[in-house]
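Overview (structure and organization)
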Amino acid sequence: MSAVRVVDVHKHFGGIVVAENINLELHAGEILGLIGPNGAGKTTLFNLISGIHAPDHGEIWLGDQALSKLPVYRRARLGVARTWQHIRLFPTLSVIDNLLMGPRDYPGEALFSGIFRLGARRAAAAAARERAMAILARIGLPDSADKLPGELPFGQQKLIGLARTLMNDGNVLLLDEPMAGVEGQAYETMQQVVRDEAAAGRAVCVVEHNVSFIRDLCTRAVFMFNGCVEQSGTVEELLASDKLAELYFGGKK
Amino acid sequence: MFDLPILLQIGWTAVATSAYYVLFAIAFALTLKVAQVWNFVQAGVMGLAFYAMWLAMIRWQWPHAAGFALGLAVAVVVSAAVEAWGFRVLRQRNSSSLMLFIFAIVLAEFISYLLTLAFGTEPETLTKSIVSEVHLVGGVAITNWDLRALAITIAMSLALFAYLRFTRNGQFLYAVADNGPLAELYGISANRAYLLAMVISAVFVAAGVYLYGTRASMIPTQPLELMLFAVIATILGGIGSIHGAALAAVFLSLLQSASILVIPSAWQGSLTYFVLFIVILFFPTGFRFPAWLRRVTRGR
Amino acid sequence: MEYILSVLILIGIYTILASSFNLIIGFGGLISVAHPIFFALGAYASGLANLHFGVPIPAAIMLGSLFAALMSVALSLPSLRVSGDYLLIASIGFQLGFLEVIKNIEFAGGAGGLSNIASMYAGPYRSLAFAITILVIAALVVALVHWLTHGDYGRAIQAMRDDEECFTSLGRNPMAIKITIFAFGSGLAGLAGALYAHYFQYLTPEQFGIVQSSLILTMVVVGGMGTTIGPVVGALLLTALPQAITFLNLPSSVMAPLQGMLYTSLVLVFLFTRPAGLFGKPVRQ
């Protein structure tokens, strides 16, 4: 069974169709590349899967659970985690606090559970903190825990954003242009992390313009244009396709 | 209780008195649409305009036209000042909407207290006698006030719609209402649009206050309650729709008048608030007309 | 002495009111002008429970607080489902409208007011006992609000204020938090109301009007929104200030609007010169 299935999804805003007849599958352990020019509907698709928009027609399945009636926070608790095109770390929270907001079940969320189950809550909070520190170590930023996101360079902020989604420990990772503007060590680290997560059995979908990233990491890719899925297949197939070249670049390269 | 002449009379009077509600609603809906601000200061402007007119007409015995002009001037100047030195400053500081709200509400309250201090809590009207000449048409009493009120309201509403539709400045208001930053890219000054919207609202407020003052009596805390009416009408008519707000105001006025027939008078005062809750619960995005009626009334 | 004690009692009550309102508006970012109504609901509920149903006073106070909290959900749930802006509007309606309702309910004494409410303490040291009780409770409330807003829950509130959409995408439910904060704050206001009722023993709708709303808002804005100490200092300053004006011996028709003008102009001044209040950090952009 696939991790995520998008079935006949259609979405429009006013007169503009942003997603038309989308059919897509995400499998555990694979890294799916989502490519296409700006405005093709890639981020919209992420918004539909994570629940920010509800489709007008069609359904989205997470395993055997239908998602369309579920609000955003429910889907996240079922294991759908995403990053954003623009880094959206909480600016007034430290790095570690940002990460601590990430787990599916946040220990401090219910007001009164703190009063009635203090022991269990404290244990959960400690465990979350340990995990957060471990993830920070894994991405090579163990000392950034108490810094504010604004104090870190761009690439590191993106890594922290990725790290926060890892705190969700879910089966689905939707990464919206994770490599954009990232280079050097941060780039290497990010690549490695994404690879490791897929290897651990998660379903990863990546929106990227960076062709070498797609080539290195993705096994399958889907090309979107004007809200439609134009082509899907292996990365090599897509990159060799004339149709794609025409749509993407306006003519054979 | 339900015989026709009474119903017609109630209906007519409701429509006639809806005149000032319509004007207040249009004023509020306009600033909300263009500047995206819930302009509760309008209550303060209403109060100031009224008491200015009252001072002129009653205390200083000026002719009505002059008194109205004074009230109009006060409304326009205060509204412009609130926009230029209040909202604009807060906006430029990137203040949160929380701050803008607090400012608007608190300023309205401040003005209300000021007016209470200055004029006391005795109800005041703008004319010595609010009775005007009555004509009987088919058993329904129609007063000159009714006719004037309707004429003024309809004329001003049409003028506004024409202005918004056909003049350059009017279309700028729409552009800024739609997408402020984008309009700026096209050389339209959002600040000027906000100012213009506030000034136009002030004109409607002045007219509304004049009509209200020549028919009913005012106390300093009244504007806040009248405002609530305008707010409900704006929500019910759909935020962003000025003609929706106007129609909703008429509807609410009819509802208020008709309610006399069914609920005890003690609860009449609570009716407006009750309606507010119904609207928020069931019609927060406005009342949706059935599709065929919408096609007929289409066009902003 | 009696006079000083009653001022202290008022300071205690307003500290609870300001602190709980700060929780709602300063931390939660929810704007409402209906805080006095929950103050009123707690007062009336407690007074009536004791008066007409013989509920012992401590239990009545708890009941009053709970009642206020539950009623707040009736306000916050439908409004917040739409947006935060609607909460403000609905709260204006709630504040103005509920007073109308109270005036019409004979059971609650109507416009004339509810009198002969039982006093919590009796005897010559009544006021002293009250003052101590209220100040202790006020301190506990401030501590409770502080604990709530720092630590796990406080972190969640802050994240929610920073970026609500991102917050939900991590699996957090902002509605639940907002409604909870609103209920908690309103319940505390109800607690203050119940205590007020059992000391002053007389309630009229006028005591809970829009001037109260301005006063509480002023305390929070002047003290500093989103701080723990701010509302306490605000309550202290603004309870003492009106007392100073009382000495001018002005007629009440002048007093009320004058006080109103004072509170609102303070808010306006601070809003434009020092929005963070006396103790707040510079306002987050």
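Treat the numbers as computed from the prediction; the structure is a model and nothing was measured. (Residues numbered from 1 in each chain as written. Chains lettered and ligands numbered in written order. Predicted model: local features only at pLDDT ≥ 70, side-chain atom pairs only at ≥ 80, totals over all residues. Heavy atoms only, no water.)

**Describing the overall build of chain C**
Put simply, the test is: Starting at the N terminus, helices and strands are each numbered in turn, a helix being any DSSP run of H or I of at least four residues and a strand any DSSP run of E of at least two. As a reference, a globule follows 2.2 Å times the number of residues to the power 0.38, and the radius of gyration itself is taken over C-alpha atoms. Only protein chains enter the accessibility calculation, which uses a 1.4 Å probe; a residue whose area is less than 20% of its type maximum is buried, one above 50% is exposed, and one in between is partly exposed. It only takes one pair of heavy atoms within 4.5 Å for two residues to be counted as in contact. Charged-residue counts in this description rest on Lys and Arg as positive and Asp and Glu as negative, His and the chain ends being excluded. Think of each charge as sitting on NZ of Lys, CZ of Arg, CG of Asp or CD of Glu.
Secondary structure assignment for chain C yields 11 helices and 0 strands. What you see in chain C, going N to C, is helices and strands ordered as α-α-α-α-α-α-α-α-α-α-α. In terms of overall size, chain C behaves like a compact globule, its C-alpha atoms giving a radius of gyration of 18 Å where 285 residues would be expected to give roughly 19 Å. If you line up chain C on its principal axes, its C-alpha atoms span 55 × 40 × 35 Å. Counting every position in chain C, which comprises 285 residues, the buried fraction comes to 61%. A fraction of 79% describes how many contacts in chain C between residues 6 or more apart in sequence connect residues 24 or more apart. Side chains of chain C carry 10 positive and 10 negative charges; the gap between the two charge centres is 7 Å.

**Some thoughts on the sheet that holds strand 7 (residues 172-176) of chain A**
Residues and elements named next belong to chain A. Put simply, the test is: When DSSP locates at least two bridges between a pair of strands, those strands are taken to pair. Interaxial angles span 0 to 180 degrees and are taken between N-to-C directions of axes, which are lines fitted to C-alpha atoms, for helices over the stretch in contact.
With mixed pairing, the 6 strands of this open sheet are ordered in space as 6-7-8-3-9-10. Unpaired on one side and paired on the other, strand 6 (80-82) and strand 10 (228-234) mark the two borders of the sheet. Sheet twist, expressed as the mean angle between neighbouring strand axes with direction ignored, is 20°. Here 3 bridges tie strand 6 to strand 7, and the two strands are oriented parallel to one another. Each bridged residue has a counterpart across the sheet, and for A81 the counterpart in strand 7 is L173. Packed on one face of the sheet, helix 7 (residues 185-199) meets strand 3 (31-35), strand 7 and strand 8 (203-207) and runs near 125° to strand 3.

**What to know about the packing of helix 4 (residues 97-119) of chain B against helix 9 (residues 210-223) of chain C**
Heads up, the condition is: Roughly parallel means an angle under 35 degrees; roughly antiparallel, over 145; roughly perpendicular, 65 to 115; everything else is oblique. Note on convention: near helix rotated counterclockwise from far helix by under a right angle means a left-handed crossing. Clockwise means right-handed.
In the contact formed by helix 4 of chain B and helix 9 of chain C, the axes pass within 11 Å of each other and the chain directions differ by 130°. Considering their axes alone, helix 4 of chain B and helix 9 of chain C lie oblique with respect to each other. Considering only the axes of helix 4 of chain B and helix 9 of chain C, their crossing is left-handed. Counted together, I102, V106, E109 and Y113 of chain B of helix 4 of chain B and I210, V211, S214 and L217 of chain C of helix 9 of chain C form the full contact between these two elements.

**Here we look at the pattern of salt bridges**
As a reminder of what qualifies: Any carboxyl oxygen of Asp or Glu within 4 Å of a side-chain nitrogen of Lys or Arg constitutes a salt bridge here.
Applying the stated criterion across every chain yields a total of 14 salt bridges over all chains. The salt bridge partner of D163 of chain C is R88 of chain A, with a shortest N-O separation of 2.9 Å. A residue pair is termed interchain when its members come from two chains, as with D163 of chain C in the loop between helix 6 (152-162) and helix 7 (164-169) and R88 of chain A in the loop between strand 6 and helix 3 (95-100). Since its relative accessible area comes to 22%, R88 of chain A is described here as partly exposed.

**Comments concerning the nonpolar core**
Our working rule: Within this scheme, the nonpolar core is defined by two criteria: the residues are buried Ala, Val, Leu, Ile, Met, Phe, Trp, Tyr or Cys, and they are joined through side-chain atoms within 4.5 Å.
Core analysis: the biggest nonpolar cluster contains 196 residues, and F40 and I102 of chain B have the highest contact counts within it. Ranked by the residues each element gives to this core, the list is headed by helix 1 (residues 4-35) of chain B, at 16 residues. Residues contacting F40 of chain B, with those up to four places away along its chain left out, are F28, A104, I105, A108, M227 and V231 of chain B together with L88, I89 and I92 of chain C. Counting residues in each nonpolar core, the second largest holds 43 residues, with A128, L136, A163 and V194 of chain A among its members.

**Focus: the pairing of strand 1 (residues 4-13) of chain A**
Each regular strand shows side chains that alternate between the opposite faces of the sheet. Residue and element names in this part refer to chain A. Alignment of strand 1 against strand 2 (residues 16-26), held across 7 bridges, turns out to be antiparallel. Within strand 2, the residue paired with V4 across the bridge is L26. The turn joining strand 1 and strand 2, which pair antiparallel and follow one another in sequence, is formed by 2 residues; a positive phi near 60° is taken by G14. Relative to strand 4 (residues 57-62), strand 1 runs antiparallel, the two sharing 5 bridges. Counterpart to V6 in the pairing with strand 4 is I60.

**A closer look at the interface of chain C and chain B**
Defined as follows: As a working definition, buried area equals the accessible area (1.4 Å probe) given up by two parts on being put together, with both sides summed. In protein, a polar contact requires one atom able to donate a hydrogen and another able to accept it; more generally it is a pair of N or O atoms within 3.5 Å, and residues adjacent in sequence count only if both atoms are side-chain atoms. When residue character is reported, Ala, Val, Leu, Ile, Met, Phe, Trp, Tyr, Cys and Pro are called nonpolar, Asp, Glu, Lys and Arg charged, and the others, Gly included, polar.
With 42 residues of chain C at the interface, the matching set in chain B holds 36 residues. The largest per-residue losses of area from chain C upon contact with chain B belong to Y86, I89 and F272 of chain C, which jointly make up 18% of the total buried on that side. Taken together, the connections running from chain C to chain B amount to 0 salt bridges. Applying the counting criterion to the chain C and chain B interface returns 4 residue pairs in polar contact (both at pLDDT 80 or more). For the side of chain C that touches chain B, the elements supplying multiple residues, two or more each, are helix 3 (57-82), helix 4 (84-104), helix 9 and helix 11 (252-273) of chain C. It is helix 4 of chain C that contributes the most residues to the side of chain C that touches chain B, 13 residues altogether. Residue composition of the side of chain C that touches chain B, grouped by class: 28 nonpolar, 10 polar and 4 charged.

**What about unusual backbone geometry?**
Residue and element names in this part refer to chain A. Residues other than glycine seldom take positive phi values, yet E177 does so here, at roughly 50°. Mapped onto the fold, E177 is located in the loop between strand 7 and helix 7. A residue is classified by how much of its surface remains accessible, and E177, at 12% relative accessible area, is buried. Backbone geometry at N226 places phi at a positive 55°, although glycine is not the residue there. One can find N226 in the loop between strand 9 (220-225) and strand 10. Classification of N226 as exposed rests on a relative accessible area of 53%.

**Comments concerning the sheet that holds strand 4 of chain A**
Each strand in a sheet pairs with its neighbour through backbone hydrogen bonds, running either in the same direction (parallel) or in the opposite one (antiparallel). All names here are of chain A. Strand order across the open sheet formed by 4 strands is 2-1-4-5, with antiparallel pairing between neighbours. Each edge of the open sheet carries a strand with a single partner, namely strand 2 and strand 5 (65-66). Sheet strands touched by helix 1 (residues 42-50): strand 1, strand 2 and strand 4. Its angle to strand 1, the strand with the most contacts, is close to 115°.

**Regarding helix 4 of chain C**
Residues and elements named next belong to chain C. Counted only if it meets this: What a helix should span is 1.5 Å times the count of its residues minus one.
Its 21 residues give helix 4 an end-to-end C-alpha distance of 30 Å, which sits within 8% of 30 Å, the value for a rise of 1.5 Å per residue. Most of helix 4 sits inside the fold, with 15 of its 21 residues counted as buried. The distance from a side-chain oxygen at the start of helix 4 to the backbone nitrogen of D85 is 3.3 Å, and the residue carrying that oxygen is S83.

**A word on the confidence of the model for chain C**
To keep things clear, this is the line we draw: Known as pLDDT, the predictor's per-residue confidence is scaled from 0 to 100.
Taken residue by residue, chain C gives an average pLDDT of 89. The fraction at 70 or more is 99%. Interface confidence for the predicted complex, expressed as ipTM, amounts to 0.90; the pTM equals 0.87.

**Here's the deal with the arrangement of the chains**
Considering every one of the 2 pairs of chains in contact, the largest contact total is recorded for chains B and C. Regarding chain A and chain B, the two do not touch, and the least distance separating their C-alpha atoms is 14 Å.

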